[in-house]
Amino acid sequence: MREGSTISSEGELKVSFGYQCSGDERKSCMISNGCTSLPKTIIQRTSSFSCLSGAALSANATLANTNICNGVIRAEILPTWDSPNSFRKIPSSPSLSRLDMLSSSLQSNFSTLSCSPSTPSDAPEYDSFSLKSMSAPSASEGFLNTMEVQVAGGAAGEDRVQAVCSEENGWLFCAIYDGFNGRDAADFLAGTLYETIIYYFSLLDWNEKQDAIRATNGSLQCVLENSNIGQKGGISSMIDRNKCLGIDIFSDNGLYSKGEVSSDLFRHGVLDSLKRALDQAENDFLYMVEQEMDDRPDLVSVGSCVLVALLHGKDLYTLNLGDSRAVLATYDPGNEKSEYERLQALQLTDSHTVDNDAERAQLLSDHPDDQMTIVSGKVKGKLKVTRAFGVGYLKKEKLNDALMGILRVRNLISPPYISTQPSLNVHRISESDHFVILGSDGLFDFFSNEEAVRLVHSYILQNRSGDPAKFLLEQVLERAADSAGFSTEELMNIPAGRRRKYHDDVTVIVVILGTNQRTTKASTCM
């Protein structure tokens, strides 16, 4: 999909990949460097995307693939996922699950560290370590069933990016893990979260749900009553929970059909599975941190923002913790203005920072007896994000006690101060929707949602086979250089670590939507 990166020196692209679909089996993919596409898979399934590109640029200096979990993540798990410059095929369910490998490692680690049998007083505080009993579902299980998938991704500074696609089955999984205080949490997520999600999807048994509905004798029960779903109103296609009070459920335009109710309940189940998988990953990571913090106390401060997008058919599911964003470019169908003027930017995710008034108010409400909850515009003077993965020292006093001196948070009165409750949403793709931008906060430090959408839109119009993700990174660098009074070349020659003064790690994925295309093959070369 692209030629080699034009970004060079210290600031070269760490990750740059592309995937392009073709709806006509007689045509080759439009790849600018002339490489050929994979052998055609003639399976007529409808997919809601036509192509995607991903790119990541580092600014932070960080240790690569640190030795967490006895080195299993670094040596055995991440290499099976990482493919920073192209998509490649892997089995969807390997004979030895990556989760099984990690489980064995952590159980061994636990037995090594435990010199005597556990008692209720010294047992871990976590509910369970469920990876011990997890194994990868077979390819026929779950609604994302497939024998093999295409994967791409890698690391840039403290960021990690992943893309997993089964084009013939019409789904796409994308994730951006924006790590901080080190990359261990982002590495852990990259090595485990996708398969944990697949595991929970395998537990979705739609037939049982249908039987349960029929067994209620006409009474429909609401699901996920306490979950944070569908906050975007018109963006979300979820049933309003306040309407789930009896037999009839009404949409804005009237009574929902049985099929619509079934679909909406299924979407609730998908969102619930995403949340459960994230909860499991958090539980497992903090378990690992507690086992290793004597040797590596810095692990208690390591964390990551999380952005996951799953495109399944015409449903776009999003999960986020922190300040990464998913922004949809869509056209206002009722507007008679030009195409450019009709283009709108709709943020599908919430921003979990102290700058968000709602987040700030909730945080203060959760800690009424702590007058030092927000210090200098940060949670306990440490973080601007209010929700994040990991960062155990702001969640458990025991983990905070592992730190020494100024690193330790004093007066940790009422932890946890950082939430792991994600924002969840599902959007039904329509003919008006054009593309989706997924980006870490490094992108939005320089561009608003509207600016990013218009930049990509203008670029796509002029470069049908170009690379919008890499283009956005180049625009970030130009603006960062202008702000610092440098040329782009001068900025790029500043070593990683020092360059963090001028811009953050930046990760971008752009997914071009196409609801009417049937896709049959993909490019795997750059």
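Residues numbered from 1 in each chain as written. Predicted model: local features only at pLDDT ≥ 70, side-chain atom pairs only at ≥ 80, totals over all residues. Heavy atoms only, no water.

### Concerning the overall build of the protein
From N to C terminus, the protein includes 12 helices and 18 strands. Residues classed as buried in the protein amount to 56% of the 526 residues present. (Helix = DSSP H or I, 4+ residues; strand = E, 2+ residues; numbered from the N terminus. Buried < 20%, exposed > 50% of the residue type's maximum accessible area, 1.4 Å probe, protein only.)

### Brief notes about the pairing of strand β5 (residues 159-166)
Two faces belong to every sheet, and in a regular strand the side chains alternate between them. Of all 8 residues making up β5, 8 are buried, and the element is well covered by its neighbours. With burial as the criterion, each face of β5 is covered, one bearing D159, V161, A163 and C165 and the other bearing R160, Q162, V164 and S166. Here 7 bridges tie strand β4 (residues 148-156) to β5, and the two strands are oriented antiparallel to one another. In the strand pairing of β5, Q150 is matched with C165. What sits between the antiparallel neighbours β4 and β5 is a turn of 2 residues, in which G157 has the positive phi angle 65 degrees. (Pairing = 2+ DSSP bridges.)

### Quick notes on the side chain of S440
Its place among the elements puts S440 in the loop between β17 (433-439) and α9 (441-444). On the basis of relative accessible area, S440 is assigned to the buried category, the value being 0%. Reaching out from S440, the side chain makes a polar contact with the side chain of D159 at a distance of 3.4 Å. The residues contacting S440, other than those within four sequence positions of it, are D159, I176, D178, S324, D505, V506 and T507. (Polar contact = N/O pair within 3.5 Å; in protein donor to acceptor, adjacent residues only side chain to side chain. Contact = heavy atoms within 4.5 Å.)

### A closer look at the pattern of salt bridges
If you walk through the whole model with that rule in mind, you get 19 salt bridges. Beyond isolated ion pairs, a larger network of salt bridges with shared partners links D82, R160, R183 and D187. (Salt bridge = Lys/Arg side-chain N within 4 Å of Asp/Glu carboxyl O.)

### Concerning the nonpolar core
Nonpolar side chains in soluble globular proteins generally cluster together in the buried interior. Ranked by internal contacts, the top residues of the largest apolar core, which has 71 residues, are F173, Y177, L193, F201, V306 and F389. Mapped onto this core, the elements with two or more residues apiece are α1 (72-81), β4, β6 (171-180), α3 (184-202), α5 (258-292), β9 (303-312), β10 (315-321) and β16 (423-428). The biggest single contributor to this core is α3, with 12 residues. Here V306 is in contact with I176, Y177, L189, L193, L278, L319, N320, L321 and F389, once residues within four sequence places are set aside. Counting residues in each nonpolar core, the second largest holds 33 residues, with L343, A452, V506 and V508 among its members. (Core = buried A, V, L, I, M, F, W, Y, C linked by side-chain atoms within 4.5 Å.)

### Details of helix α11 (residues 468-484)
The first and last C-alpha atoms of α11 sit 24 Å apart over 17 residues, in line with the 24 Å expected at 1.5 Å per residue. Listed as buried for α11 are P468, A469, K470, F471, L472, L473, Q475, V476, L477, A480 and A481. Measuring from the side-chain oxygen of the N-cap residue of α11 to the backbone nitrogen of A469 gives 3.2 Å; that N-cap residue is D467. (Expected span 1.5 Å × (residues − 1).)

### Some remarks on the confidence of the model for the protein
When pLDDT drops low, the exact placement of atoms in the prediction is not to be read closely. When pLDDT is averaged along the protein, the result is 77, and 67% of the positions lie at 70 or above. In the predicted structure, residues 24-45 sits below a pLDDT of 50 and forms 48 contacts with residues beyond four places in sequence or in another chain. Low confidence marks residues 108-140, where pLDDT is under 50. Its contacts with residues over four positions away, or in another chain, come to 56 contacts. (pLDDT = per-residue confidence, 0-100.)

### With respect to the environment of V270
If you trace the backbone, V270 turns up in helix α5. Spatially, the C-alpha atom of V270 lies 9.5 Å from that of I197, the residues being 73 residues apart in sequence.

### So, the sheet that holds strand β18 (residues 506-513)
With antiparallel pairing, 6 strands are arranged side by side in an open sheet as β1-β2-β18-β17-β11-β12. Sheet topology places β1 (15-20) and β12 (343-347) at the edges, where each strand pairs with a single neighbour. Adjacent strand axes in the sheet meet at a mean angle of 15 degrees, parallel and antiparallel pairs treated alike. As judged from the 5 bridges shared by strand β11 (residues 325-331) and β12, these two strands associate in the antiparallel manner. (Axes fitted to C-alpha atoms, helices over the stretch in contact; angles between N-to-C directions.)

### A word on the packing of aromatic side chains
On inspection of all chains with the given rule, the structure shows 11 aromatic pairs. Feature note: the residues F17, Y19, F49 and F87 constitute an aromatic cluster, connected by ring pairs. (Phe/Tyr/Trp six-rings, centres within 6.5 Å; stacked < 30°, edge-to-face > 60°.)

### Thoughts on the packing of helix α10 (residues 449-462) against α11
Packed helices, taken two at a time, are described by their axes: the angle between them and the distance between them. At their nearest, the axes of α10 and α11 sit 10 Å apart, and the two run at 125 degrees to each other. One way to sum up the angle between α10 and α11 is to call them oblique. Crossing of α10 against α11: the hand is right-handed. Here α10 contributes E451, A452, L455, V456 and Y459 to the contact with α11, which in turn contributes P468, F471, L472, Q475 and R479. (Parallel < 35°, antiparallel > 145°, perpendicular 65-115°, else oblique. Left-handed = near helix turned anticlockwise from the far one by under 90°.)

### Considering α1
For α1, the complete set of buried residues consists of V72, I73, I77, L78 and W81. When α1 is viewed along its axis, its buried side chains cluster within an angular range of 115 degrees and face the same direction. (Arc of directions from axis to C-beta.)

### A short note on the state of the cysteines
Across all of its chains, the model carries 0 disulfides by this definition. C174 takes part in no disulfide bond, and the closest cysteine sulfur to it belongs to C165, at a distance of 8.4 Å. Accessibility expressed as a relative area gives 2% for C174, which makes it buried. (Disulfide = S-S within 2.5 Å.)

### Description of the pairing of β1
Burial analysis of β1 places 6 of its 6 residues in the buried class, the great majority of the element. Residues V15, F17 and Y19 of β1 are buried on one face, and the alternating residues S16, G18 and Q20, pointing to the opposite face, are buried as well.

### Points about the side chain of T386
Here T386 lies in the loop between β14 (378-379) and β15 (389-390). Among all residues touching T386, those that are not within four sequence positions of it are H352, T353, V354, E359, L363, V379, Y417, I418 and S419.

### Side note on unusual backbone geometry
A cis amide bond links P415 to the next residue, P416, at an omega of 5 degrees. By secondary structure assignment, the location of P416 is in the loop between α8 (397-400) and β16.

### Points about the packing of α1 against α3
Relative to each other, α1 and α3 sit at 60 degrees, their axes nearing to 10 Å. Relative to α3, the element α1 is oriented oblique. In this structure, α1 meets α3 at a crossing whose hand is left-handed. Only D187, F188, A190, G191, Y194 and E195 of α3 make contact with α1, whose side of the interface consists of I73, I77, L78 and W81. Split by residue class, the contact of α1 with α3 holds 7 nonpolar, 1 polar and 2 charged. (Nonpolar A, V, L, I, M, F, W, Y, C, P; charged D, E, K, R; others polar.)

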